[in-house]
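What follows is each chain in one-letter form.
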Amino acid sequence: MTLPQTPGKAPAGADDIRGAVLQFLREKTLATPATDQDLFASGVVSSMFAMEMVVFLEQSYQVTIIGGDLKIDNFRTVDAMTELVLRLRDASDS
Amino acid sequence: MAADQTDHRLAILGGGVMGTGIATLALGHGIPVVLVDVSEEVLNRTRANVALQLRHAALMGALPAGRPTGELITSTSVQDAGDATAVIEAVTESPELKAKVLAEMSAAARPGTAIVSNTSGIPIDEMAAWVARGDELIGTHFMNPPYLIKMVEVIRGSRTGDSVMAAVTGLLGSLGRRAIVVRDAPGFVTSRLLHPMINRAAQVVADGTATVEDVDALMEGCLGHPTGPLRTADLIGLDNLADSLQVLYERTGDESCRPCELLVAKVREGSLGRKTGQGFYSYGKTPS
């Protein structure tokens, strides 16, 4: 599935993705975690919320997170989520 | 040795929060499910929620590896659930509705099929009068979400037969759940303890003693409650909670079970907890 990109606009880079994930977390949890902070261990998010993050990333970056990628370690930190989005997007581009 | 999961064919009555979650649990463990509810509209929503929850369960590592997902069939008729090996009733916590649905299902099921009610608190012995063969009825009280919480309260009524008891224990084993069997009473163990406590927690907020957040924080931080009573209430669903409290109040006369005004008001305005995006807490625009 590919949605039309805004013409002339470069795809989101790591910093953009990190920023968007942090903003999403701020809106939903009122917390601003460090990008390498374990969100589950520190109680910032619940397991119910983890699925909201999956859907948020899929809808924001037109990626599909399935199979072995659908595991909690990929959503444990803002950095891990950013890395996952970049990897899935690169894979779908090539 | 536990029975092979392919031996089971589960029917689930009701596509609400618990019916959906139990369906996810079964399908994720490779057990086929026929899910029955009143309208195609409800069933479409249930199918979408099951798909989302199967992903949630996978995300949390809660499903056995290498087991193909069971087939989900949805229907508006209990007749389509007639060949199930076990039936789990998970309709709204109203004695009148449960009586009607259980009578219909019991008439359609083959004699000997375990009829399981996922009631939060209606005594199993009371419900046994609503089915064709009272020895086939047993209670299971799954917690939400059923696919993440491994323990299940099982209620053995005074008429529940040994074969049904064994069948349900086997089914729960195939679902990777641990059962604790208790005797029959209004609210059993978990609802009898938890529901009045949540009701009191809401009353404490209504009295202005503390905020919702602080009540939960104290119960978590001082008393080790995993999520706090009011966040738990939102997860249960405030309509279900109020219905269950009413059931308890009518059968025990315990004033602490009379649904408090704040809870009743939230139900009246449609703030039912996580499933509507708003309860004691706000969950944004995407109910989950």
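Each remark here, short or long, concerns the structure printed above.
The rules behind each value
Residues numbered from 1 in each chain as written. Chains lettered and ligands numbered in written order. Predicted model: local features only at pLDDT ≥ 70, side-chain atom pairs only at ≥ 80, totals over all residues. Heavy atoms only, no water. Contact = heavy atoms within 4.5 Å. Buried area = accessible area lost by both parts, 1.4 Å probe. Salt bridge = Lys/Arg side-chain N within 4 Å of Asp/Glu carboxyl O. Polar contact = N/O pair within 3.5 Å; in protein donor to acceptor, adjacent residues only side chain to side chain. Helix = DSSP H or I, 4+ residues; strand = E, 2+ residues; numbered from the N terminus. Pairing = 2+ DSSP bridges. Axes fitted to C-alpha atoms, helices over the stretch in contact; angles between N-to-C directions. Buried < 20%, exposed > 50% of the residue type's maximum accessible area, 1.4 Å probe, protein only. Expected span 1.5 Å × (residues − 1). Arc of directions from axis to C-beta.

A look at the interface of chain A and chain B
Contacts between the two partners involve 16 residues from chain A and, on the opposite side, 15 residues from chain B. In this assembly, chain A packs against chain B so that about 1200 Å² is buried in total across both faces, 63% of it on carbon and sulfur atoms. Three residues, Met48(A), Met51(A) and Leu70(A), lead the burial of chain A against chain B; their summed loss comes to 50% of the area buried on that side. Joining chain A to chain B, the criterion identifies one salt bridge. Put simply, Glu58(A) and Arg55(B) hold a salt bridge, and the shortest N to O gap is 2.7 Å. Our count for the contact surface shared by chain A and chain B stands at four residue pairs in polar contact (both at pLDDT 80 or more). Among the elements that make up the side of chain A that touches chain B, the one with the highest residue count is helix H2 (residues 47-61) of chain A (eight residues).

Structural notes on the sheet that holds strand S6 (residues 137-141) of chain B
Sheet strands pair by backbone hydrogen bonding; their relative direction is either parallel or antiparallel. All names here are of chain B. Taken in spatial order, the eight strands line up as S3-S2-S1-S4-S5-S6-S7-S8 in an open sheet, and their pairing is mixed. Looking at strand neighbours, the two that pair on one side only are strand S3 (72-75) and strand S8 (178-183), the edges of this open sheet. Taken pair by pair, the neighbouring strands of this sheet meet at an average axis angle of 25°, ignoring direction. Of the pairings in the sheet, the one linking strand S5 (residues 114-117) to S6 comprises three bridges and is parallel in character. Its bridge partner lying in S6, Ile-115 is registered against Leu-137.

What to know about the pattern of salt bridges
Tallied over the entire structure, the rule returns 20 salt bridges over all chains. Where Glu136(B) meets Arg133(B), a salt bridge forms, and the shortest distance between an N and an O atom there is 2.6 Å. For Glu136(B), a relative accessible area of 4% corresponds to the buried category. Note on Arg133(B): relative accessible area 24%, which makes it partly exposed. Arg251(B) serves as the salt-bridge partner of Glu250(B), at 3.7 Å between the closest nitrogen and oxygen. Judged by its relative accessible area of 54%, Glu250(B) is exposed. On the basis of relative accessibility, which here comes to 26%, the residue Arg251(B) falls in the partly exposed class. Linked through salt bridges whose partners overlap, the residues forming this network are Asp15(A), Arg18(A) and Asp79(A).

Considering the environment of Gly68(A)
All names here are of chain A. By secondary structure assignment, the location of Gly-68 is in the loop between H2 and helix H3 (78-93). We classify Gly-68 as exposed; its relative accessible area is 61%. Separated by 27 residues in the primary sequence, Gly-68 and Ala-41 have C-alpha atoms spaced 22 Å apart.

Here's the deal with the pairing of S6(B)
The two faces of the sheet receive side chains in turn, since in a regular strand these alternate between them. For S6(B), the tally of buried residues reaches five of five residues, placing the bulk of the element in the interior. Of the two faces of S6(B), the one lined by Leu137(B), Gly139(B) and His141(B) and the one lined by Ile138(B) and Thr140(B) are each fully buried.

A short note on helix H1 (residues 14-29) of chain A
Residue and element names in this part refer to chain A. Its 16 residues give H1 an end-to-end C-alpha distance of 22 Å, which sits within 8% of 22 Å, the value for a rise of 1.5 Å per residue. Within H1, burial applies to Ile-17, Val-21, Leu-22, Phe-24 and Leu-25. Take H1 and look down its axis: the buried residues cluster within an arc of 160°, on one side only. Across H1 from its buried face, at more than 90 degrees, point the exposed residues Asp-15 and Glu-27. Contacts from the buried residues of H1 go to H2 and H3. One or two positions beyond H1, positive phi appears at Leu-30, with a value near 65°.

Points about unusual backbone geometry
In this chain, Asn144(B) is followed by Pro145(B) through a cis amide linkage whose omega measures -5°. Even without being glycine, Leu30(A) reaches a positive phi, approximately 65°. Looking at the element boundaries, Leu30(A) is found in the loop between H1 and H2. Classification of Leu30(A) by relative accessible area gives exposed; the value is 79%. In this model, Gln62(A) sits at a positive phi of 50°, which is unusual for a non-glycine residue. Mapping Gln62(A) onto the fold places it in the loop between H2 and H3. Residue class for Gln62(A) comes out partly exposed when judged on its relative accessible area of 25%.

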